[in-house]
Amino acid sequence: MEDSFDLDLVLEISVSGVELSSEIRAPEISVAGFQGVAVHNPSLLGLCVVCMDKFEEGSMAKQMPSCSHVYHESCIHMWLQHHNSCPICQCQVL
Ligand SMILES: [Zn+2]
Ligand SMILES: [Zn+2]
C-alpha cells in the first residue's frame, strides 16, 4: 500500500483550487448557443468589428442573441473570453 499518499493534502489542494476558480468571475459565455448565420451577401453584413475584416460569402457567422449584430465565430468567441458585451453596441450578452 502507498503509505506516503497524503489524502488531507490532496483535499486541501483541490478545495483551494475551487475557491480560486470561483473568485475569477468568468462569465463562460458560449457562442455555441448563438444563432449561426449563413453569409449570402457579405456587403449587407459589413465588417466584423473584432478583426475589421469582411465576411466570406458562403461562410458561417454568429449572431448575437441580444442585439443581432453579426461576427465571425472565432472572433466573437475570442472577444467573449474577456468581455460579456457586444463589441458594437455594448449591450450585455445574456
Ligand atoms: Zn472577425
Ligand atoms: Zn450589438
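One can find the structure itself at the top, above this paragraph.
Keep in mind the model is a prediction, meaning the values are calculated, not measured.

Rules used in this analysis
Sequence order sets the numbering: in each chain, residues are counted from 1 along the sequence as written. Following the order in which they are written, the chains are lettered starting with A and the ligands numbered starting with 1. With pLDDT at 70 or above as the cut-off, local features in this predicted model cover only qualifying residues; side-chain atom pairs require 80 or more to be listed or tallied, and sums for whole chains, interfaces and linings still use all residues. Put simply, DSSP H or I for four residues or longer makes a helix, DSSP E for two residues or longer makes a strand, and each gets a number counted from the N terminus. Here exposure depends only on C-beta density: within 10 Å of a residue's C-beta, 20 or more other C-beta atoms make it buried, 12 or fewer make it exposed, and intermediate numbers make it partly exposed, the C-beta atoms being placed from the backbone. The contact criterion used is a C-beta to C-beta distance within 7 Å, with each C-beta placed from the backbone. By the convention used here, strands pair only if DSSP detects at least 2 bridges between them. An axis is simply a line fitted to the C-alpha atoms; with a helix, the fit covers only the stretch in contact. Between two such axes, the angle follows the N-to-C directions and lies from 0 to 180 degrees. To define a nonpolar core, we join buried Ala, Val, Leu, Ile, Met, Phe, Trp, Tyr and Cys residues through C-beta atoms within 7 Å and take the resulting set.

Caption draft 1: Structural view of the overall build of the protein. The helix and strand inventory of the protein stands at 3 helices and 5 strands. Relative to its full complement of 94 residues, the protein shows a buried share of 15%. Look at the contacts in the protein between residues 6 or more apart in sequence, and 43% of them connect residues 24 or more apart.

Caption draft 2: Geometry of the sheet that holds strand 1 (residues 35-38). Read across the open sheet, the 3 strands follow the order 1-4-5; overall the sheet is antiparallel. This sheet does not close on itself; its edge strands, each paired only once, are strand 1 and strand 5 (70-72). Direction aside, neighbouring strands of the sheet carry axes that sit 45° apart on average. Note that strand 1 and strand 4 (residues 60-63) share 4 bridges and pair antiparallel.

Caption draft 3: Looking closely at the nonpolar core. With 12 residues, the main nonpolar core is built from Val31, Phe34, Cys48, Phe55, Ala61, Met64, Val70, Tyr71, Ile76, Trp79, Leu80 and Cys86. Taken together, the elements giving at least two residues each to this core come down to strand 5 and helix 3 (73-79). Those residues in contact with Val31, other than ones at most four positions away along the chain, are Lys62, Glu73, Ile76, His77 and Leu80.

Caption draft 4: Focus on the environment of Gly46. Locating Gly46 in the fold gives a position in the loop between helix 2 (42-45) and strand 2 (47-48). Owing to 12 C-beta atoms within 10 Å, Gly46 belongs among the exposed residues under this scheme.

Caption draft 5: Region of the structure containing the pairing of strand 4. The pairing of strand 4 with strand 5 spans 3 bridges and is classified as antiparallel. By the bridge assignment, Ala61 is partnered in strand 5 with His72. Where strand 4 folds back on strand 5, the antiparallel hairpin that results is connected by 6 residues, among which Ser68 adopts a positive phi of roughly 70°.

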